[in-house]
Structure formats: structure tokens, C-alpha cells
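# Descriptive analysis of the structure
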Amino acid sequence: MFHFNRCQHLKKITQKCFSSIHVKTDKHAQQFLSRTFALAELRKSWYSTHSLVGDKNIILMGPPGAGKTTVGRIIGQKLGCCVIDVDDDILEKTWNMSVSEKLQDVGNEQFLEEEGKAVLNFSASGSVISLTGSNPMHDASMWHLKKNGVIVYLDVPLLDLIHRLKLMKIDRIVGQNSGTSMKDLLKFRRQYYKKWYDARVFCESGASPEEVADKVLNAIKRYQDVDSETFISTRHVWPKDCEQKVSAKFFSEAVIEGLASDGGLFVPAKEFPKLSCGEWKSLVGATYIERAQILLERCIHPADIPAARLGEMIETAYGENFACSKIAPVRHLSGNQFILELFHGPTGSFKDLSLQLMPHIFAHCIPPSCNYMILVATSGDTGSAVLNGFSRLNKNDKQRIAVVTFFPENGVSDFQKAQIIGSQRENGWAVGVESDFDFCQTAIKRIFNDSDFTGFLTVEYGTILSSANSINWGRLLPQVVYHASAYLDLVSQGFISFGSPVDVCIPTGNFGNILAAVYAKMMGIPIRKFICASNQNRVLTDFIKTGHYDLRERKLAQTFSPSIDILKSSNLERHLHLMANKDGQLMTELFNQLESQHHFQIEKVLVEKLQQDFVADWCSEGECLAAINSTYNTSGYILDPHTAVAKVVADRVQDKTCPVIVSSTAHYSKFAPAIMQALKIKEINETSSSQLYLLGSYNALPPLHEALLERTKQQEKMEYQVCAADMNVLKSHVEKLIQNQFI
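Residues numbered from 1 in each chain as written. Predicted model: local features only at pLDDT ≥ 70, side-chain atom pairs only at ≥ 80, totals over all residues. Heavy atoms only, no water.

## Focus on the domain arrangement of the chain
You can read the domains of the chain as domain 1 (55-223), domain 2 (319-344 + 472-704) and domain 3 (349-471 + 715-740). Centre-to-centre separation of domain 2 and domain 3, based on C-alpha positions: 24 Å. Domain 2 puts 33 residues into the contact, and the matching count from domain 3 is 36 residues. Across the interface of domain 2 and domain 3, roughly 2900 Å² is buried in total on both sides, 50% from carbon and sulfur atoms. Among the residues of domain 2 in contact with domain 3, Asn472, Arg475 and Lys670 are the three that bury the most area, contributing 28% of the side total. Applying the counting rule to domain 2 against domain 3 returns two salt bridges. Here Glu595 ties to Arg446 by a salt bridge, and the two come within 2.6 Å at their closest N and O atoms. For the interface between domain 2 and domain 3, the tally reads 26 residue pairs in polar contact (both at pLDDT 80 or more). By residue number, the principal contributor to the side of domain 2 that touches domain 3 is helix α22 (residues 473-476), which donates four residues. Residues of the side of domain 2 that touches domain 3, tallied by class, amount to 14 nonpolar, 13 polar and six charged. (Domains from an automatic or database assignment. Contact = heavy atoms within 4.5 Å. Buried area = accessible area lost by both parts, 1.4 Å probe. Salt bridge = Lys/Arg side-chain N within 4 Å of Asp/Glu carboxyl O. Polar contact = N/O pair within 3.5 Å; in protein donor to acceptor, adjacent residues only side chain to side chain. Helix = DSSP H or I, 4+ residues; strand = E, 2+ residues; numbered from the N terminus. Nonpolar A, V, L, I, M, F, W, Y, C, P; charged D, E, K, R; others polar.)

Rendered as C-alpha cells:
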């Protein structure tokens, strides 16, 4: 269900596509456009007359013992509307017997059919309806209810449910056969609840019915207030006249556009949503997928992506594609240091945690009639991750979404390069650029801001450009989940109690990973210090220490940790915007100065504010190799070079008064020559495959990454293009690839 303003946005994009390709379209396209406009008008009519309840029903759904009946009565009193309990007011009156008697009489399967028929013959409006625990197991009746209501899922902790059912002396529910425990059946039921809800109320353990009722009303208000969660550019200047309209975007628009038209990055216009202490504690025993669903539902309005659809995307992204069922496990290394393993995805880097999900989000947000070309700059890991992620879309989506990734031809490891090239598919290509990552990233930003070129692509080919780097909000947001999940895992494993502080140490180049940790803290995770770890390209470390971002006379060095060989850190702009109280004018001045004069200095008050939360240092190449060697010798664990950079910095600056979570951003298999050099293994000139087998013979932790090992076995060398570091040449490549894909 979408707000009229969102439909207007859909109309604008659709018009843009169709007006640009009218010569190439037929009457079917015009019919689609007419249907889009008509649908928008219908939605406008619906919303113009809709209040919190209006003629729609509030439908409470949840397992037995969730408190639907009690909560429904409280809400009915607050709103002054009719309250209907399906058990008491529909089923028992229809059957002239109790529900338990009916269940005993007809058995499980027939009961569900009889229950469904009774609901199908029922209609109401402007009421609060409390469903039975088994209603969601009957599709036809749920569709009937959903047509005229907002379904709210009361998600109650499992142990609370079992305790309540014992107090209610309920020992059998629909679907429970002999030998099936109540716990197992309640877990099984969740799949049906997740299918239907429009809004979820995440109930804290021990929450009172009154507290849950208030949460339901807040969830309904959020569901209806679709204009409340918008995004602005970091360079947006707030109008002096408070009545002047603010140029804001919806989540779906921010994802589609990638980069703001003024050159800034999209950020939430309001505060990040925050979970209560009780809500966080309820997530301690949850899986990674369950945590992701809760957190991302809070950050993505259901008008952009319905909650049930978002859940499907998350399950697809983090299902069978990850080698570890925990997705992003935390491993105790030694002392107060813990390793957050972010490399269990199909391409062996932390980028998979975003780029297995982001393509599905992007495909959902774009209009079905438009073609999109995703431009990506990579310093090593993003390239293969984005190509892999977008290659997993369904056939129809791959026909309208293509990807081209630009990588520094001589600025990534040999394995990373082979992996990027080998990840090319029918909708994704790799282009080597004879320059460094900073040029690739800057070139893409300039292409986006070249209205003549982007307009030409739209008019001539009906294709719109977007991004999948962390400059795109849809790419950055999923990274918040693994930082929150890591903390919850430490609580679950008994290393800390909830509320105890931790530090995080992250190898940092483009500032996206560490910024995601900042957002996790804003949502309620008690992170004390953010430790920024740099390699020899230490522009961020120098900036955090001095407030001076200085690229003058600074050349990019190629290191053992190429993914952080970056000098222009894009996501820093988002954090400075946050610290400067969303001062878009200041961001415009600072980053225009960086572009023209190659440096800027922030005021002392901002430096002090930055240093309250951030600590930074850097690691030399020798220290990096030494850390890999010493860690293996003392713990049997092999760090990749980026993680080694972080460990060196953590050892140096962290005060050991609380745990520190070190982000391990890639699997060591991707950097075998550096690892063999660090471990003083002489057979460095072996093939990639033999290098990995040799490392595997050490029986170290973590074990070899099977997907990466399979990559080395591929004998066929794929072709790829190489181009000069010239804007016009890059634009020519983009145009040719669009012609090949969409024309």
C-alpha cells in the first residue's frame, strides 16, 4: 500500500522512461502508463479519507498466548471502536460450541477449513479484530481480512508464550500432534505470521498489555504516516522559512538515485530509530536473519518495502549463500579481543553482507518499465560482490538491471582481479582502469552529476544510472545489522551482559563500515569507541587526529591491504554532516574545497566532538605481516592483511578495559601471496590453487573458503575491457555496454 506522493514519484519516473523512448514503444507501454496514473488516483482517494482507523480494521495477529484479545480490548477502549474476538464472537457463535470442542470433534485439518469458512462469511469495518492463533494458516480467509484492514503481528518472545500458555492451562493447540512439543509448534507457526503482517510489534519480555497496546497504536500511526521517514542530501540547505517545502526523498527514491543531484549523499532527515533495552535483550537469542528483519523493518517504511516482502528478501540473501549458518559469527581471539568474521559470503568479503541483499531491494524499488545501469567503483572486494549479488536476481530483473564495475587495473590483488573478472555474467561486466580507486570513484560521481550525459542515456536508450557503492543508502544500511549482531553474540556467549560497553576496531578506507557501526550505536548498541585503522594511506587517521583532511602532495600507496588503499573517503561526509547538526551548507563548502584545493580543515569544536568517539592509528607493511605471523603462531588463526592492520592498531590504542571487536573484512584466501610471505612459506610462486591448498594443509582457523577455492580451479580465462583514466573514455564504455544490454 503506497502513499499518493510515492505514486506521484512512480509516475514521474515512468513518464521519464516513456517520454524518452516513445519512438521505440507501442500501445502496450501507453496502456501501462495509463494504468499507473489510474492507480495513483485511486490511492489518492483512499488516503484523503483515511484516519487511524476510519473504515479499515486493525487486525491483531499472533500465536496463542500473545495477548491479542486483551490488547484488542484496550485498543478498542482507547479508540472508542468495536472490538471483535474471532474465537468468542465468530467461531463459537457460528458453531454453537467451544473452539476446543470443535477441534476435538473434527481434527486439525478439518478445523482449519471450518475456521476459514466462518471468517470468510464475516465482514466488519472500523473495528479492532483479534484473530485466533491458527487464522493465518488459512490463505483465503486472510486475504479476505487483509482487503479491509491493517494486520499487526504481536511478536512475543517464545519463552514468554510458553509460560503464558502454562498459566492458561493450554496444553494443546491447532496442529499439535502427539510427539510435537509446544515450543517446536510455535516455531513452526512463525512462517505463517511472517507471511501476512503489515506492521510488527516487537514485544519485550514481560511487557504489559497496556504497553503492547500503545506499541500497536504507534505502529499503526507509523504505517499510515508514510511521509514521516524521508531522506535528504548531506548538502541540503535547510530553508529559513519553516513553511518552505524541504526537498526530501523517500527510501525507495534514495536507493534508486544513489547519489543526490547536488553531489551529496542521502541520509535520514530524522533520527535513526532506537530500540529499547528490553527489545535488544529479546534479540539476544535470535538468529542473524531474525535480527536483520527486526532492525531493517525499523529503518525501511513499509510503503517502500512491505514488511513481509522485506523478510523474503532477507531470507533469500542470507539463506544458502553463506558458508556459515551464523552469517557473521564472532570468535574469541585472545584476551579482550574478538574477531567479527564477515567473510563467509560467496565472494569472501564483508561486502557480501550488503550486496546479497541490496540488489533485491533495488529491484523492488524501481518501476517495472525502466532499465537501470549500475555503476560501481571497487578497490578490490566490492567488484566481485556486486557482480555476484546482481547475478542472483530473477530473469526478469536481470533483463532490466545491469552492472558495470570499474577497478584499478594494477591496484588490486591478483586474486581479487581474477575474481572480479570471473564474476562477470550476462548482466554484469568488469572494466579495468589505468588509474587508482580514487579516480574510479570520483569519475562515477562526475558521471552521475553530468546531466547532459545522463539525460542523453535516458532519451536515447531509456536507461537510468545508479550506484551500488556505499554511497548508496541501500548498500550501507544492511551493514548496521552485523555490528549490532556481533554485540548480541557476545551477550549470548556470556562474555558480557547487555549494557556493558565494547570498542570496535575496523580497517577503514571509504568510511562506510565504521559509519555503519556508528548507526548501530544510534540504534542502542553500547559501543564506546570507534577505532579507525589505516594502512600507509593514512589520510583518515591524520584527519581524526588533527581535523585536517589533506590530500596535497599525498600519493596513493599500493599495500598488502588494497581494499583500504583509498584517499577520498566518501562516507566521511555523512558522519561530518551528522556531527555538524546536518549543516548542508558547511558540507558543500568543505567538499567543494576538497575538490578544488585538495584539503579542508574543520573547526576545533567539531574536532573535539569527533575525538570523543573516534580513535585512529595506522599500520606499516612490516607490522601487518608481523601481526599475521604472530597471531598464527600464538592462536593458530590466520588474519587477512586488512584484519591484521586492525589488530595492530587495536593492540596499540585500545586500553583493554572492555572487549574490542575487530572486524575481519575478508578471508585470507584472497591474499595468499601476502599470507605466505608473512608465514615465511617459500613456495610463493605457485598457482593460486596450489597456494590455497598449501595454506589449507596448515589446518589453521578459519578453514579455507570453499567458494574461493572453487574460483581458483576455473581454467577458462574470461575477457574484460581495460580503459584509460579519461572521463570521456569511461562514458564511452558505459554507453557501449548499455547498447549491448538494452538495445
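## Remarks on the sheet that holds strand β4 (residues 149-155)
Pairing is parallel across the open sheet formed by five strands, whose spatial order is β2-β3-β1-β4-β5. In this open sheet, the two edge strands, each paired with only one partner strand, are β2 (82-85) and β5 (199-202). Direction aside, neighbouring strands of the sheet carry axes that sit 20° apart on average. Relative to strand β3 (residues 127-130), β2 is paired through four bridges, and the arrangement is parallel. (Pairing = 2+ DSSP bridges. Axes fitted to C-alpha atoms, helices over the stretch in contact; angles between N-to-C directions.)

## Topic: the UniProt feature "domain: Threonine synthase N-terminal" (unreviewed entry) in the chain
Mapped onto this numbering, the UniProt entry annotates "domain: Threonine synthase N-terminal" (unreviewed entry) at residues 247-318. What you have in residues 247-318 is 50% helix and 4% strand, and the ends, taken at the C-alpha atoms, are 35 Å apart. (UniProt positions renumbered as here; feature names shortened; annotations may be inferred.)

## Section: helix α21 (residues 451-461)
Where α21 is concerned, the buried positions are Phe453, Thr454, Leu457, Thr458 and Tyr461. Across the axial projection of α21, the buried residues extend over an arc of 135°, all falling on one side. Across α21 from its buried face, at more than 90 degrees, point the exposed residues Ser451, Asp452 and Val459. After α21 finishes, the residue Gly462 shows a positive phi value of roughly 60°. (Buried < 20%, exposed > 50% of the residue type's maximum accessible area, 1.4 Å probe, protein only. Arc of directions from axis to C-beta.)

## Structural notes on the UniProt feature "modified residue: N6-(pyridoxal phosphate)lysine" (unreviewed entry) in the chain
Mapped onto the present numbering, the UniProt feature "modified residue: N6-(pyridoxal phosphate)lysine" (unreviewed entry) falls at Lys351. Look past the residues within four positions of Lys351 in its chain and what remains in contact with it is Asp381, Thr382, Ala385 and Arg475.

## Quick notes on the pattern of salt bridges
Scanning the model with the defined rule gives 32 salt bridges in all. Residue Asp139 pairs with Lys195 through a salt bridge whose shortest N-O separation is 2.9 Å. Of this pair, Asp139 sits in helix α7 (residues 139-146) while Lys195 sits in helix α9 (residues 182-196), and the two are 56 residues apart along the sequence. Linking Arg309 and Glu312 is a salt bridge whose minimum nitrogen-to-oxygen distance equals 3.2 Å. Here the residue Arg309 and the residue Glu312 both occupy positions in helix α14 (residues 307-317), the gap between them amounting to three residues, near one helical turn. The class for Glu312 is partly exposed, based on a relative accessible area of 44%.

## Notes on the pairing of strand β14 (residues 502-507)
Summarising burial for β14: six of the six residues are buried, a large majority. Burial of β14 is two-sided: the residues Val502, Val504 and Ile506 facing one way and the residues Asp503, Cys505 and Pro507 facing the other way are all buried. Bridge count for β14 against strand β15 (residues 527-534) is five bridges, and the pairing is parallel. Note that in β15 the partner of Val504 across the bridge is Phe530.

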